[in-house]
Amino acid sequence: MVDFRTRPASPTDADFLVDMLVEAVNWLPERNWPRKQIMANPALAHYVSGWMRPDDFGVVALDPTDRPVGAAWLRYLTAADPGYGYVSDDVPELSMGVVEACRGRGVGRVLLRAALDAARERGVPAVSLSVERANFAARLYLSEGFRPVESFEDADTMVADIGA
């Protein structure tokens, strides 16, 4: 396991969150969508555009040299502009990315738990997300209490009732 710590995400993390969105989208080795393509796609860009809105929050993982290595963040999306994991206007959607070199070392689990703790502290009763079933992160989400609530061809929308 890599040695790292977490801190709350801030407005200055906007560019890094875009980097982590790129990592999340490109989890498949054969998928290599450039940042420009991802940010030109409104269905993806709305996860990070205008970061940090008043109700946005999240966490960033840092290595021992304080280099960011991952992030998990939550954003409220609306029925008028839903995310892939949208369930309702009052349930924030989780996004998460970890730099490729640090995957499989526990960074994602720590980020996920810290993000859910931050949601609980804000009184958020549930969190949603979307994950492609073949993504190894799907197992992480299931193990941390997320359950599928809607299934599509290759992906699931999942929800965790976090008991805020």
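All figures in this text were calculated on a predicted structure; none of them were measured in a lab.

Criteria and cut-off values
Residues numbered from 1 in each chain as written. Predicted model: local features only at pLDDT ≥ 70, side-chain atom pairs only at ≥ 80, totals over all residues. Heavy atoms only, no water. Helix = DSSP H or I, 4+ residues; strand = E, 2+ residues; numbered from the N terminus. Rg over C-alpha atoms; globule rule 2.2 N^0.38 Å. Buried < 20%, exposed > 50% of the residue type's maximum accessible area, 1.4 Å probe, protein only. Contact = heavy atoms within 4.5 Å. Areas by Shrake-Rupley, 256 points an atom, 1.4 Å probe, with all protein chains shown as cover. Lys, Arg positive; Asp, Glu negative; His and termini not counted. Charge placed at Lys NZ, Arg CZ, Asp CG, Glu CD. Polar contact = N/O pair within 3.5 Å; in protein donor to acceptor, adjacent residues only side chain to side chain. Expected span 1.5 Å × (residues − 1). Salt bridge = Lys/Arg side-chain N within 4 Å of Asp/Glu carboxyl O. Pairing = 2+ DSSP bridges.

Glancing now at the overall build of the protein. Check the secondary structure of the protein and you find 5 helices and 7 strands. Put simply, the protein runs from its N terminus to its C terminus through helices and strands in the order β-α-α-α-β-β-β-α-β-α-β-β. Here the C-alpha atoms of the protein give a radius of gyration of 14 Å, agreeing with the 15 Å that 2.2 N^0.38 yields for 164 residues. A principal-axis box enclosing the C-alpha atoms of the protein has dimensions of 40 × 35 × 30 Å. Taking all 164 residues of the protein together, 48% fall into the buried category. Nonlocal contacts in the protein, meaning residues at least 24 apart in sequence, comprise 60% of its contacts between residues at least 6 apart. Per element, the accessible surface of the protein, about 8,200 Å² overall, is 53% carbon and sulfur. Both charge centroids of the protein, one from 17 positive and one from 24 negative side chains, sit 4 Å from each other.

Attention now goes to the side chain of T157. Residue placement: T157 occurs in strand β7 (residues 155-161). A polar contact is formed between the side chain of T157 and the backbone oxygen of Y84, at a distance of 3.2 Å. Excluding residues within four positions of it along the chain, T157 makes contact with Y84, G85, Y86, V87, L129, S130, R147, P148, V149, E150 and F152.

What follows deals with helix α1 (residues 14-25). When the terminal C-alpha atoms of α1 are compared, their 17 Å separation across 12 residues agrees well with the 16 Å that a helix rising 1.5 Å per residue should span. Among the residues of α1, those classed as buried are F16, L17, V18, M20, L21, V22 and V25. Looking at the buried positions of α1, the neighbouring elements they touch are α2 (35-39), α3 (42-45), β2 (57-62), β3 (68-75) and β4 (93-98).

With that out of the way, let us pick up the pattern of salt bridges. Pairing of side chains with opposite charge becomes possible as their charged atoms draw close. Scanning the entire structure with this criterion turns up 14 salt bridges. Here R5 and D66 are joined by a salt bridge, their closest N and O atoms 2.8 Å apart. One end of the pair, R5, is in strand β1 (residues 5-8); the other, D66, is in the loop between β2 and β3, and 61 residues separate them in sequence. Residue classification places D66 among the partly exposed residues on the basis of a relative accessible area of 43%. Through salt bridges with shared partners, one network takes in D15, D19 and R35.

Moving on, we get to the pairing of β2. Of all 6 residues making up β2, 6 are buried, and the element is well covered by its neighbours. Neither face of β2 is open: one carries F57, V59 and A61, the other G58, V60 and L62, and all of them are buried. Of the pairings in the sheet, the one linking β1 to β2 comprises 4 bridges and is antiparallel in character. Following the sheet pairing, R5 is matched in β2 by L62. Bridge analysis of β2 against β3 gives 6 bridges, and the strand direction is antiparallel. Looking across to β3, one finds that V59 is bridged to A72.

The peptide bond linking W51 to M52 adopts the cis configuration, its omega dihedral lying at 20°. Along the chain, M52 turns up in the loop between α3 and β2. For D66, which is not glycine, the phi dihedral falls at a positive 65°.

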